[in-house]
Amino acid sequence: MKRIKVIVPIPMDADGVAARAEQLPADFVRSGFRPEFVAVPWGAALGDSYHDTLLMDWTVFQAGIKAEEEGYAGVLIDTVSDSGLRALRSRLSIPVVGPGEAAFAAAMMLGKKFTVLTMWPEWFPLYEKTLTEYGWWDRVASLRSIDTRPDVTELLAGKEEVIFDKLKAEAMLAIEEDGADVIVLGSTTMHQSARYLADNLPIPVLNPGQVLNCFAPDAILHKATSDTIHKGRDAISAMFEKLFADFEQIWHGNFVHSADPESNAVCSQFTVLITPNG
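Examining the pairing of strand S9 (residues 220-223)
Bridge count for S9 against strand S10 (residues 228-231) is four bridges, and the pairing is antiparallel. Bridging across to S10, Leu221 finds its partner in His230.

Structure representation (structure tokens):
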């Protein structure tokens, strides 16, 4: 069994951690893997200031730096801010994945422009930082919020009726006014709204904590540059795991996508910059 350390960037009690873990139910997780959610013992409160951003980077790094020694096969950072991502990748040989990077990349495969839909504008600097680092602003339709203070422990429980409608209304504005053709939820704390929005919006909705589910179980990935084929979601996952393990740093950009609905295929061309380990 391969254990994955999922680092929650905000200190919280066991009930709060359990609520975060609900985004990865047992029937969703691939056989042979076990995600273990662990909250940082101290640090940020809401991630709504540069002070909190600094604390999230440092405490996530502290929580992840010994993951390899602890026997984990990989690290998943439970925040779209991808806090501590680059620092951990520079020190660990196991894969380190940030849902922000993964969700934004998936959004660019699914559409031309995506909107990051979040709870309040105080989180905008988190996305501005990562989108600038990744060089993906040309694919962003907008950053939008429902201007509602988040609850990073209780999440959306008990507030679904009000919050879900607000999120849907704001998403429709992103579609009609900003030209968005993909919605990315701006926080893993919003995972409870993902199904409702996916069922009630005319465009794809990405739940960052579950991005790999964009691949159907029988998906086929063909790398034209090496003429290699990976059949099935498990094989695609293994390919990415090896990719992250083989290089210290990887950057993807300059994406151009085309879709063929008749053959149910997507073709993506992009630039890759890699830094070898060592």
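Let's talk about the nonpolar core
If you look at the biggest cluster of nonpolar residues, it comprises 71 residues, and the most contacted ones within it are Val75, Leu88, Phe104, Phe114, Tyr127, Leu131 and Ile183. No other element matches the six residues that helix H6 (residues 160-178) contributes to this core. The residues touching Val75, leaving out its near neighbours within four places in the chain, are Ile4, Lys5, Ile7, Ala67, Leu88, Leu92, Ile94, Pro95, Val96 and Val97.

Focus: the sheet that holds strand S7 (residues 182-185)
Strand pairing in a sheet relies on backbone hydrogen bonds, with the paired strands running either antiparallel or parallel. What the four strands build is an open sheet, ordered S6-S5-S7-S8; its pairing is parallel. Because the sheet does not close on itself, it has two edges, and the strands there are strand S6 (140-145) and strand S8 (205-206). As paired strands, S7 and S8 are joined by two bridges and run parallel to one another. Across the sheet, the residue bridging to Ile183 is Val205, located in S8. Packed onto the sheet, H6 meets strand S5 (114-118), S6 and S7 and runs at close to 150 degrees relative to S6.

Some words on the environment of Ile77
The topology assignment puts Ile77 in strand S3 (residues 74-77). A sequence separation of 186 residues divides Ile77 from Ser263, and the C-alpha atoms of the two residues are 35 Å apart.

Here's the deal with helix H4 (residues 99-110)
With 12 residues, H4 should cover 16 Å at 1.5 Å per step; its first-to-last C-alpha distance of 16 Å lies within 8% of that length. Buried residues of H4: Pro99, Gly100, Glu101, Ala103, Phe104, Ala106, Ala107 and Met108, and no others.

What to know about the sheet that holds strand S2 (residues 33-39)
Taken together, the four strands give an open sheet; going across it, the order is S2-S1-S3-S4, and neighbouring strands pair in parallel fashion. Only two strands of the sheet have a single neighbouring strand rather than two, namely S2 and strand S4 (96-97). The sheet contact formed by S3 and S4 spans two bridges and is parallel. For Val75, the partnering residue across the bridge sits in S4 and is Val96.

Examining the environment of Ala245
Structurally, the position occupied by Ala245 is in helix H8 (residues 233-246). Owing to a relative accessible area of 28%, Ala245 belongs among the partly exposed residues under this scheme. Once the C-alpha coordinates of Ala245 and Leu173 are considered, the two residues, 72 residues apart in sequence, prove to be 40 Å apart.

Some details on empty space enclosed by the protein
According to the stated counting rule, one finds five cavities of 30 Å³ or more in the structure shown. Estimated volume of the largest cavity: approximately 150 Å³. Met56, Thr79, Trp123, Ser187 and Thr189 are, among the 18 residues lining the largest cavity, the residues nearest its centre. Looking at the lining of the largest cavity residue by residue, the class counts come to nine nonpolar, seven polar and two charged.

Digging into the pattern of salt bridges
In total, this model carries 11 salt bridges according to the counting rule given. The shortest N-O distance in the salt bridge between Glu133 and Arg86 comes to 3.4 Å. Pair noted here: Glu133 is in helix H5 (residues 124-134) and Arg86 is in helix H3 (residues 85-91), with a separation of 47 residues, a long-range link. Overall, Glu133 belongs to the partly exposed group, its relative accessible area being 36%. Three or more residues joined by partner-sharing salt bridges are found here, namely Arg144, Glu170, Glu177 and Asp178.

What counts, and at which threshold
- Sequence positions are assigned chain by chain, starting from 1 and proceeding in written order.
- pLDDT decides what is reported in this predicted model: residues at 70 or higher carry local features, side-chain atom pairs at 80 or more are listed and counted, and totals for whole chains, interfaces and linings draw on all residues regardless.
- Based on all heavy atoms of the structure, the side-chain values leave hydrogens and waters out of the count.
- Pairing between strands requires that DSSP locate at least two bridges from one strand to the other.
- Helix and strand labels come from DSSP, where a helix needs a run of H or I of at least four residues and a strand needs a run of E of at least two; each type is numbered from the N terminus.
- Think of a nonpolar core as a cluster: buried Ala, Val, Leu, Ile, Met, Phe, Trp, Tyr and Cys residues, connected wherever their side-chain atoms sit within 4.5 Å.
- Only protein chains enter the area calculation, which uses a 1.4 Å probe; residues under 20% of their type maximum are buried, those over 50% are exposed, and those in between are partly exposed.
- The contact rule is simple, with two residues in contact once any of their heavy atoms fall within 4.5 Å.
- Axes here refer to lines fitted to C-alpha atoms; in helices the fit is confined to the stretch in contact. Angles between the N-to-C directions go from 0 to 180 degrees.
- Working rule for helices: expected span equals 1.5 Å times residues minus one.
- Grid points spaced at 1 Å and placed over the protein atoms alone form the basis of the search, with a cavity being a set where a 1.4 Å probe fits but cannot get out and a pocket an open set showing protein on both sides within 12 Å along at least five of seven lines. Lining residues have an atom within 4 Å of a point.
- Grid points are joined across faces, edges and corners, and a volume is the space filled by probe spheres set on the points.
- Residue polarity follows a fixed list, in which Ala, Val, Leu, Ile, Met, Phe, Trp, Tyr, Cys and Pro are nonpolar, Asp, Glu, Lys and Arg are charged, and the others, Gly among them, are polar.
- Any carboxyl oxygen of Asp or Glu within 4 Å of a side-chain nitrogen of Lys or Arg constitutes a salt bridge here.

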